[in-house]
Amino acid sequence: MNVLVTGGAGYIGSHLIRVLAGAGHSCVVYDNLISGHREAVGDAATFVRGDLLRTGHLARVLREHAIDAVINMASFIEAGESVEQPLKYFGNNTLGGLSLLEAMAQTGVKRMVFSSTAAVYGQPESVPILETARTEPINPYGASKLCVEHMLPGFATANQMGFVSLRYFNVAGSHPTGEVGEAHKSETHLIPLVLQVPLGQRAGIKIFGEDYDTPDGTCIRDYIHVMDLAAAHVLALQAVEPGQVKVYNLGNGEGFSVKEIIQTCREVTGHAIPAELSPRRPGDPPRLVASCEKAQRELSWRPQYADIRTIVQHAWNWHREHPKGYSV
Ligand SMILES: NC(=O)c1ccc[n+]([C@@H]2O[C@H](COP(=O)([O-])OP(=O)(O)OC[C@H]3O[C@@H](n4cnc5c(N)ncnc54)[C@H](O)[C@@H]3O)[C@@H](O)[C@H]2O)c1
């Protein structure tokens, strides 16, 4: 298939286009480079610089490249920032999503895989979280993505489009060859933040709360290797059916505490990594772990890199070789 990957110059997109190419697909990356990197695309895909909000330009690109399917990853991604700047998130993620749907409707492109997030669930009532769980996001980032999910059934019915919405949990790791990796300009994810300590970029790591109802008192999160996540997209593309919206969680189905992640980073890097206790952050649920049974059952998805040590090792391989991301 000819696949348009919006946001394909970002962390996950740069891995995804390589996995798609390996599966025989031909990719066009559509990205405004606001947080992505041209080098992360390399020659793995055709690159078009453009903004999701430019509906007419998007429609032209869809036509010119005879696109069969779209994977919409372009987005702002910082939950904390979205609380301060909701307009930025609804303006880009929600309106950008609508603009893309309009361009697809205009040009008759009928398949889309949408990058959604575990943030649509907010504070879960029970764990592991099923796709049928209540969706009540607690920040504008999660809400901006849920708004797009809410648009999909209407387009599926009116335009006979098909959608698969993938709700990612914490994505981590890097390409096993080390050719691409995580290089967010402003980093908020735990594993790369912890790895900044052995890189000499931060003195230590803060643990926000040690009194949660978990075995070691720190929050538990579900980490999925970026290559396993990318592989699920190849399967999701095949699962798109006209007139239908399907939703799948993507995680490991297993949680690791903040302390366990820090300890794994110590073991992988051989660095002491000092940790300092800080008060809880408001709105941090104690435990966020996905149920991934639906993706495993319906997509026949089998994660290859579920082991947390491998995830951290691959992340470390990338960061050690590229301490300043793509600028080195
Ligand atoms: N990283 C995670 O752990 C995680 C978890 C859940 C969901 N997600 C979702 O996965 C997707 C990719 O995340 P990532 O970590 O690779 O983020 P990223 O910031 O590395 O990539 C996002 C890309 O989108 C591009 N972009 C943003 N707005 C755009 C616009 N209006 N027009 C064109 N391009 C635009 C950026 O330049 C960047 O290349 C996002 O949709 C995010 O919400 C990520």
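Residues numbered from 1 in each chain as written. Predicted model: local features only at pLDDT ≥ 70, side-chain atom pairs only at ≥ 80, totals over all residues. Heavy atoms only, no water.

**Examining the packing of aromatic side chains**
Part 1 of the argument: By the definition in use, this model includes four aromatic pairs.
Part 2 of the argument: Seen from their ring centres, Y121 and F169 are 6.5 Å apart, and the 35° between their planes marks the pair as tilted. Here the residue Y121 occupies a position in the loop between strand 5 (111–117) and helix 6 (140–159), and F169 occupies one in the loop between strand 6 (162–168) and strand 7 (170–172), the gap between them amounting to 48 residues. The residues Y121 and F169 share a single accessibility class, namely buried.
Part 3 of the argument: Between W318 and Y326, the ring centres sit 5.2 Å apart and the planes meet at 50°, which makes this aromatic pair tilted.
Part 4 of the argument: Looking at Y326, the relative accessible area reads 14%, which means it is buried.
Part 5 of the argument: Members of the aromatic cluster, each reached through a chain of ring pairs, are F76, Y89 and Y141. (Phe/Tyr/Trp six-rings, centres within 6.5 Å; stacked < 30°, edge-to-face > 60°. Helix = DSSP H or I, 4+ residues; strand = E, 2+ residues; numbered from the N terminus. Buried < 20%, exposed > 50% of the residue type's maximum accessible area, 1.4 Å probe, protein only.)

**Notes on a nonpolar patch on the surface**
Part 1 of the argument: A surface patch of nonpolar side chains, about 250 Å² in accessible area, is lined by L53, L95 and L98.
Part 2 of the argument: Locating L98 in the fold gives a position in helix 5 (residues 86–107). (Patch = residues over 30% accessible without salt bridge, like charges linked within 9 Å, V, L, I, M, F, W, Y side chains within 5 Å. Areas by Shrake-Rupley, 256 points an atom, 1.4 Å probe, with all protein chains shown as cover. Salt bridge = Lys/Arg side-chain N within 4 Å of Asp/Glu carboxyl O.)

**Details of the sheet that holds strand 3 (residues 46–49)**
Part 1 of the argument: The seven strands lie next to each other as 3-2-1-4-5-6-10, forming an open sheet whose pairing is parallel. Looking along the sheet, the strands with just one partner apiece sit at the ends: strand 3 and strand 10 (245–250). With direction set aside, neighbouring strand axes in the sheet form an average angle of 20°.
Part 2 of the argument: This element, helix 3 (residues 55–64), spans strand 1 (2–6), strand 2 (26–31), strand 3 and strand 4 (69–72) of the sheet and lies at about 170° to strand 2.
Part 3 of the argument: Its contacts with the sheet place helix 8 (residues 226–239) against strand 1, strand 4, strand 5, strand 6 and strand 10, and it is angled at close to 160° to strand 6. (Pairing = 2+ DSSP bridges. Axes fitted to C-alpha atoms, helices over the stretch in contact; angles between N-to-C directions. Contact = heavy atoms within 4.5 Å.)

**Quick look at helix 11 (residues 308–321)**
Part 1 of the argument: The first and last C-alpha atoms of helix 11 sit 20 Å apart over 14 residues, in line with the 20 Å expected at 1.5 Å per residue.
Part 2 of the argument: What helix 11 keeps buried is the set I308, I311, V312, H314, A315, W316, W318 and H319.
Part 3 of the argument: Considering only its buried residues, helix 11 is in contact with strand 7, helix 7 (190–195), strand 9 (220–225), strand 11 (255–257) and helix 9 (258–269). (Expected span 1.5 Å × (residues − 1).)

**Brief notes about the pattern of salt bridges**
Part 1 of the argument: In total, this model carries 13 salt bridges according to the counting rule given.
Part 2 of the argument: Between D284 and R281 there is a salt bridge, with its nearest N and O atoms 3.1 Å apart.
Part 3 of the argument: Residue classification places D284 among the buried residues on the basis of a relative accessible area of 18%.
Part 4 of the argument: Residue classification places R281 among the partly exposed positions, given a relative accessible area of 43%.
Part 5 of the argument: Its salt-bridge partner being E298, residue R297 comes within 3.9 Å of it at the nearest N-O pair.

**Concerning unusual backbone geometry**
Part 1 of the argument: Residue V127 is joined to P128 through a cis peptide bond whose omega torsion reads 0°.
Part 2 of the argument: In this fold, P128 is placed in the loop between strand 5 and helix 6.
Part 3 of the argument: Phi at A66 is positive, roughly 45°, even though this residue is not glycine.
Part 4 of the argument: Mapped onto the elements, A66 comes out in the loop between helix 3 and strand 4.

**Observations concerning the environment of G200**
Part 1 of the argument: Considering the arrangement of structural elements, one finds G200 in the loop between helix 7 and strand 8 (205–208).
Part 2 of the argument: The class for G200 is exposed, based on a relative accessible area of 64%.
Part 3 of the argument: Between the C-alpha atoms of G200 and T269, which are 69 residues apart in sequence, the distance is 12 Å.

**Let's talk about the domain arrangement of the protein**
Part 1 of the argument: Taken as a whole, the protein is organised into domain 1 (2–172 + 223–250) and domain 2 (190–222 + 255–327).
Part 2 of the argument: With 29 residues of domain 1 at the interface, the matching set in domain 2 holds 28 residues.
Part 3 of the argument: Interface area for domain 1 against domain 2, summed over the two sides, is near 2,600 Å², with a carbon-plus-sulfur share of 67%.
Part 4 of the argument: Taken together, the links from domain 1 to domain 2 amount to zero salt bridges.
Part 5 of the argument: Linking domain 1 with domain 2 are ten residue pairs in polar contact (both at pLDDT 80 or more), by the criterion used here.
Part 6 of the argument: Elements with a minimum of two residues in the side of domain 1 that touches domain 2: helix 2 (38–41), strand 7, strand 9, helix 8 and strand 10.
Part 7 of the argument: Among the elements that line the side of domain 1 that touches domain 2, the one with the most residues is helix 8, at six residues.
Part 8 of the argument: Split into classes, the residues belonging to the side of domain 1 that touches domain 2 amount to 19 nonpolar, seven polar and three charged. (Domains from an automatic or database assignment. Buried area = accessible area lost by both parts, 1.4 Å probe. Polar contact = N/O pair within 3.5 Å; in protein donor to acceptor, adjacent residues only side chain to side chain. Nonpolar A, V, L, I, M, F, W, Y, C, P; charged D, E, K, R; others polar.)

**With respect to the nonpolar core**
Part 1 of the argument: The biggest cluster of nonpolar side chains holds 48 residues, and the ones touching the most others in it are L20 and L250.
Part 2 of the argument: Top element by residues in this core is helix 8. It accounts for nine residues.
Part 3 of the argument: For this core, the domains that each give at least three residues are domain 1 (2–172 + 223–250) and domain 2 (190–222 + 255–327).
Part 4 of the argument: Contact partners of L20, with chain neighbours within four places excluded, come to V3, V5, H25, C27, I71, V234 and L237.
Part 5 of the argument: Within the second largest apolar cluster, 26 residues are counted, among which are I67, V109, M112 and F163. (Core = buried A, V, L, I, M, F, W, Y, C linked by side-chain atoms within 4.5 Å.)

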